[in-house]
Amino acid sequence: MTPTAAPSTRTVRIFQTTDMELEQRLAEAGLNFSLSEARKVATILARDPTVVEAHIFNTMWSEHCSYKSSRGVLKEHLPTDAPHVVLGPGEDAGVVRLCEIDGKSYCVAVAHESHNHPSQIVPNEGAATGIGGIVRDVYCMGADVVGVMDPLRFGDPNGPNAERTREIVHGVVEGIWQYGDALGVPNLGGDVYFDRSYDDNCLVNVVAIGLVEESEIKRSRVPEEARDVPYDVILVGKPTDPSGFGGATFASRILDEEKTLSDKYAVQVPDPFLKRMLTVATFRVLDLFRERGVAIGFKDLGAGGIACATSELGAAAGLGIRVDLSRVPVAEPDMTPEVIACSETQERYALVVPRELTPEVLRIFNEEFELPELCHGAQAAVIGEVIAEPRYVLEHKGEVVCDASTEAITTGIAYVRDASERERGLVEPDVPADLGLVAAFLGVVGSPNVASREHIYRHYDGEVKGNAVVRPGEADAGVLAPIPGENVGVAVSADGNPFLGALDPYQAGAAAVAESVRNVCATGAVPIALTDCLNFGNPEVPEVFHDFVEAVRGIGDAARGIGMKDSDEPIPVVSGNVSFYNQSAAGSAILPSPIVCCIGRLDDLSRHTTIGFRNAGSAIYLIGRRTGELGGSEFMRSVLGAMGKAPATVSFADERAMAAAVTDLAERGLTQACHDISDGGVAAAVAEMTLLSAPDVEIGARVDLAAMAPADGTVGVPEACRLIFCESGGYLLEIAPPDEAAALEVFEERRVWFRRVGETTEEVGIVLASVEGGDVEVPVDAMTRAWTGGATEVML
Amino acid sequence: MAIFQLRLTISLKIPDNEARSALEAIRVKMGLDDEVRDLTREERWELGVDAVSFDDAKAVVEKLVATTNLFANPNKHRYTLARADVPFGGPDPSVGADLADDEVAILVSDRESAEGDSILSAIRRLGVTDVRSARKWVRWRVALTRTPSPEEPDLLPLIRRIGVATGRRDGLLSNPHSQVSRVVLPWGEEKPLES
Amino acid sequence: MTKSMPRIAVIRFPGMNCEEETKRAVVDAGLECDVFMWNGPTSELVEYDGYVLPGGFSYQDRVRAGSIAAKDEIVDCLFEEAERGKPVIGICNGAQILLEAGMVPGIERGRVQMGLATNIMPDRDGYYTRWTHLRVANDGTCATRAYERGDVVPIPVAHAEGRFVSAEKGLIETLFANDQVVLTYCGPEAGEAREFPANPNGSTKAIAGISNPEGNVVAMMPHPERAARLYQVPGNLAGPWGARKREARDAEAMFGPGPGLPVMSSLAGFFGAEPREV
């Protein structure tokens, strides 16, 4: 093939090079795609790419942007559609209908991402820009962010890397509050796990939930009207600087200690203040568009910066874009065109607006909201225009530095990766017959993975916006009232037990769905959507890729198997993200970590339910049979010091039935308290229900293990452990005696396994009855100390 | 072993919006545009390090700064490390050594703050126990529109008008109720700013 | 001639982030309300009957929380309107601005007599969020007229600099003597909160809010707009409000008035209208 002429500017020579020459050229140019990818770029363009083009392809074809390893797997396994889905994966955020009030269709927009590598290198800024990025994904749908959530995974705070781990924990939490509190988005909490596999790769996932009227949803595409009238491309926000240049490719490779310093430069600098002003001003501009009845395109700048955002805006409509990089406001002189085009500077949006409105848009940002006065160099500026021909053209100082079809730039590539199951060689110890039950109970409740997260969430502002109904520490999920003055709730929970990932990634995926669904249902809300963030090691390693495929399969099966309440539809997976290369240079990968977020709807806020026992003298019901497996459980790890072998498996039918039952109970006002059973099993659940019980009275609990067991009579210590520490799915419910009959009807109707396992008592503390050798009493003081102090110590 | 006092000075490489806002407030809102030309800001940590020599103490702090994110992020900060034998706050001409003839430095620190303890515990978390004390100051470098002389009677009142918040148009950099402030004059003289 | 309903301006300084819910709470109390831009014309600002400075991070807390905003031209206008007797309530960052502007405690007019210093908390620093109990120490101000002296009111705090301090000798005692201490942190049963977390930031004498001598300018750290309706109250809160939330069984109850609404009703009462029954 004969190369055609490239634009008259610097090029990367690919045609007529040997592999060795090409490798050297790519390294010199700071490009890290493979030789075959580089050659493919040249083939697509039918010439050598310019330096700018090469960088654009390098970014767009990174794993982070292209999903080149994962796309096929996701498509095959995940259900993404349901009648109430407005926009599924593919946009910056997924959108589902929430409710209709006075003829207005209100929707929830949700996005879920990771910011893992940056947080490992620069914890504060990495976590802060994680929040900064995820809220942009929701804002750019035209939605207002009503809540954010952070699932976090850290290394072992007492392991060989304890010091660094603790610094990361501190920095990440600080970054989250410093950004989120200043921006003014309520933080609904999240979850936290500690494990040695995260020593070299912490996970900072971020979820943002937004509210938008269906008619006001903005799309990341040039509107059709641009075929008839001139449209400008406006860039607004922080002046472009070199920070975050190469961020997407940085996220798509293994962290290497030797590169730590240079990697720090790939982490952007967060500015929540500018984001706040940008957001308020943007909503003012969106109002203007609504008043004038004009269609626009709106996209946030994330991975790949200007190049990625503007090319996708054009490609989505089959139109072209011309941008003059010399018109981009920059923070430093002499920035090269590839840095201007691809840097991932925070706090920027691209708007595609009719030219006749351009002056008014610039006036609002630059004069009414004084962006240039508030932050040095911040402004809205016209940087280009929409062109009819579907080409992506970048100019710089009068030179064309990129000229390719928008399709070529945005189509991406795909790989079929090898997958092979890993040898796990797992063994499981027996539970010793002489194990001290009280010590085990306290060990589980006080484990950093189970204990109270109060020390962390007291940093988070969960109440800004005034929409908080249920805060962290009150229930299994956060509940908010997203529509001012309206009696509709949204419940959100994000979950994913990484230890299941070590044993069985399929179960890890399925259990992440099941747990997030349970947590939402435990507040009385009905699940309406799922998102996922899939955190894994190097996908080029067949065992890692197999883990990934299995986890995705588990998520898909659970989303279908549990399904929407009283409907044949799956719970749709509307948004998500894949984060590979969470692996240290030494080769150790993180545990397979699928993290799932469930969004639920509560039709009547007054029917929400919380964890804490309300009264002494109530009945305690267990739904969900204890299946007895202890593999991967908190008990197995913190008490027996092993990972174990067989985890409790998820029964989709049981989860579906239980979800229906607990939400029915809540709807009918029959629930005094409800808590899902997951980490730490029944033991942790009943401990938390006691510790979080109503403030003005003293309440304890008596739990009869014989009532939970398959057979009558007292149970020995090993069996007791299999009953109270097994983490198979279920719920504990407090039911007031007058309501028991009605509750039983619901259990029967929904065909759930249930037992009356005890009652709440005026004696504080927990009594485990029907244990061989007599009742076992867990003293309240020790339990309180273990639970309140277990995770706090890590933060001090 | 002895305690060596070190002075870690951190400044921004990226535009300092805080200094810019402060300058705008002083020049435009407080009406001192005839008096003040420019304003820059540095963070200054006074660290007491237990070590056998100054060089050892310096190595401890240098390692902390370079390998952790506690004090500086190379994306946006640069830093210098210097010796401060005299306990901070005492007469120390080196504090003003970098000042031009028309510049004064105003140093501000919280009277009581958890910040020092917090950084000490963060340092201890990293397994470093040699850092024994930490106090943060903000050092504002104020460029005047003229070169002041030691004989000028109006100089200190002017600096107070810039530095010590007393009203809507007077004083910005320090709130005298929650903070302490000191001034360093171009000729090296240092004094407390609260009257 | 009938006087039209009093109009309140919620001032948006750049970086504030509680404007909308604050406005909602003011409207819930029966007043008209607009969000007013910091750079808006003062000729329009003076047309309003009262002002609320909401929470957030004005000017990114540059230099010191509230210090840059305190120098804004619009604050001169607020100062003059307050001198005419109009009510001004500063909440959280708004309170920090009022202190930095010398509008409270205002014993010496316009002089900065206090500061809001960084929280002092055992084993932690930075931002702290929690529902606190407050004791109404003065029920005569524009923010507390709808309460009664001695009322215990749960309202949440969320800040990193909320510790009222003064280096002026005897000033704190004078504030108490003048009835300028409006709100103090307390336990659920009204006892003074000396310890963290009941006193969430180490504030001198557990002071949570103060006023000028006339009581028409109030600076308070807690966020009443986050406690304006019952649904906002945590069900696990000690005392009657938590119990009310737990027992709420319909929308009417959930959206009924919360413990913080009377702050806004007090504003309404300031204009002669009857504060709403709460």
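Residues numbered from 1 in each chain as written. Chains lettered and ligands numbered in written order. Predicted model: local features only at pLDDT ≥ 70, side-chain atom pairs only at ≥ 80, totals over all residues.

## What to know about the overall build of chain A
For chain A, the count of helices and strands is 29 helices and 27 strands. Scaling as 2.2 N^0.38, a compact globule of 796 residues should have a C-alpha radius of gyration of about 28 Å, and chain A matches this with 27 Å. For chain A, the C-alpha atoms occupy an extent of roughly 90 × 60 × 45 Å along the three principal directions. Every one of the 796 residues in chain A was classed for burial, and the buried ones make up 65%. Summarising the internal contacts of chain A: among those between residues at least 6 apart in sequence, 82% fall at separations of at least 24. (Helix = DSSP H or I, 4+ residues; strand = E, 2+ residues; numbered from the N terminus. Rg over C-alpha atoms; globule rule 2.2 N^0.38 Å. Buried ≥ 20, exposed ≤ 12 C-beta atoms within 10 Å, placed from the backbone. Contact = placed C-beta atoms within 7 Å.)

## Examining the overall build of chain B
Within chain B, the secondary structure is distributed over four helices and seven strands. In chain B, the order of α-helices and β-strands from amino to carboxyl end is β-α-β-α-β-β-α-β-α-β-β. Taking 16 Å as the expected radius of gyration for a compact globule of 195 residues, we find that chain B reaches 17 Å, a close match to that expectation. Overall, chain B is about 50 × 30 × 30 Å in size when its C-alpha atoms are taken along their principal axes. Going through the 195 residues of chain B one by one, you find that 38% of them count as buried. Pairs at least 24 residues apart make up 71% of the contacts formed inside chain B by residues separated by at least 6 positions.

## Let's talk about the interface of chain C and chain B
With 28 residues of chain C at the contact, the number on the chain B side is 23 residues. Of all elements in the fold, only helix H3 (73-83) and strand E5 (115-118) of chain C reach the threshold of two or more residues within the side of chain C that touches chain B. Among the residues forming the side of chain C that touches chain B, the class breakdown is 14 nonpolar, six polar and eight charged. (Nonpolar A, V, L, I, M, F, W, Y, C, P; charged D, E, K, R; others polar.)

## A few points about the interface of chain C and chain A
Taken together, the contacts link 38 residues of chain C with 39 residues of chain A. Listed by contribution, the elements that provide at least two residues to the side of chain C that touches chain A are helix H1 (19-28), strand E6 (128-136), strand E7 (152-159), helix H6 (240-247) and helix H7 (251-254) of chain C. When the residues that make up the side of chain C that touches chain A are grouped by side-chain class, the tally is 18 nonpolar, 11 polar and nine charged.

## Some words on the environment of Thr129(A)
Residues and elements named next belong to chain A. Tracing the sequence through the fold places Thr129 in helix H7 (residues 123-139). By C-beta crowding, Thr129 is classed as buried, having 30 other C-beta atoms within 10 Å. Taking C-alpha positions, Thr129 is 7.9 Å from Tyr179, a pair spaced 50 residues apart along the chain. Here Thr129 is in contact with His115, Pro118, Val267, Gln268, Pro270 and Gln346, once residues within four sequence places are set aside.

## Some thoughts on the nonpolar core
By size, the foremost hydrophobic cluster in this structure holds 392 residues, and its most contacted members are Val148(A), Val445(A), Val513(A), Ile555(A) and Ile106(B). A domain split of this core shows at least three residues from each of domain 1 (79-411) and domain 2 (428-461 + 609-796) of chain A. Discounting residues that sit within four places of it in the chain, Val513(A) has contacts with Leu530(A), Ile555(A), Ala558(A), Ala559(A), Ile562(A) and Val596(A). Counting residues in each nonpolar core, the second largest holds 18 residues, with Ala57(B), Leu64(B), Ile119(B) and Ile123(B) among its members. (Core = buried A, V, L, I, M, F, W, Y, C linked by C-beta atoms within 7 Å. Domains from an automatic or database assignment.)

## Here we look at the domain arrangement of chain A
All names here are of chain A. Along its sequence, chain A is carved into domain 1 (79-411) and domain 2 (428-461 + 609-796). Its C-alpha centre places domain 1 at a distance of 42 Å from the equivalent point of domain 2. Counting residues at the interface gives 15 residues for domain 1, matched by 10 residues for domain 2. Secondary structure elements with two or more residues in the side of domain 1 that touches domain 2: helix H8 (162-183) and strand E6 (192-194). Per element, the largest residue contribution to the side of domain 1 that touches domain 2 is eight residues, and it comes from H8. Here the side of domain 1 that touches domain 2 is composed, by residue class, of nine nonpolar, four polar and two charged.

## Points about the sheet that holds strand E23 (residues 700-704) of chain A
Paired through their backbone hydrogen bonds, the strands of a sheet run either parallel or antiparallel. Residue and element names in this part refer to chain A. With respect to topology, seven strands assemble into an open sheet ordered E22-E24-E21-E25-E23-E26-E27, the strand pairing being mixed. Edge positions in the sheet fall to strand E22 (673-677) and strand E27 (776-778), since each has one partner strand and no second. For this sheet, the mean angle separating the axes of adjacent strands, direction not counted, is 20°. The pairing of strand E21 (residues 619-623) with strand E24 (residues 730-735) spans five bridges and is antiparallel. Directly across from Tyr621, in E24, lies its bridge partner Leu733. On top of the sheet, helix H24 (residues 681-691) reaches E21, E22, E23, E24 and strand E26 (766-769); it is set at about 150° to E22, its chief contact. (Pairing = 2+ DSSP bridges. Axes fitted to C-alpha atoms, helices over the stretch in contact; angles between N-to-C directions.)

## Concerning unusual backbone geometry
Following Val104(C), the chain continues to Pro105(C) via a peptide bond in cis, the omega torsion being -5°. The linkage connecting Phe196(C) with the following residue, Pro197(C), adopts the cis geometry, with an omega of 0°. Relative to the helices and strands, Pro197(C) is located in the loop between strand E9 (181-186) and strand E10 (207-211). A positive phi angle, close to 65°, is found at Tyr581(A), a residue other than glycine.

## Re the sheet that holds strand E16 (residues 478-480) of chain A
All names here are of chain A. Spatially, the six strands line up as an open sheet ordered E15-E16-E17-E20-E18-E19, and their pairing is mixed. What marks the edges here is a single partner per strand, and that holds for strand E15 (468-470) and strand E19 (573-579). Direction aside, the axes of adjacent strands within the sheet are offset by 20° on average. Note: strand E17 (residues 489-495) against strand E20 (residues 593-602), seven bridges, orientation antiparallel. The residue of E20 that forms the bridge with Ala494 is Cys597. Packed on one face of the sheet, helix H20 (residues 505-521) meets E17, strand E18 (526-535) and E20 and runs near 25° to E20.

## A short note on the environment of Val52(A)
Residues and elements named next belong to chain A. Note that Val52 resides in helix H3 (residues 51-60). By C-beta crowding, Val52 is classed as buried, having 29 other C-beta atoms within 10 Å. Between the alpha carbons of Val52 and Pro337 there is a distance of 6.6 Å; along the sequence they are 285 residues apart. With residues near it in sequence (within four places) discarded, Val52 still touches Pro337, Glu338, Ala341, Leu394, Val401 and Cys402.

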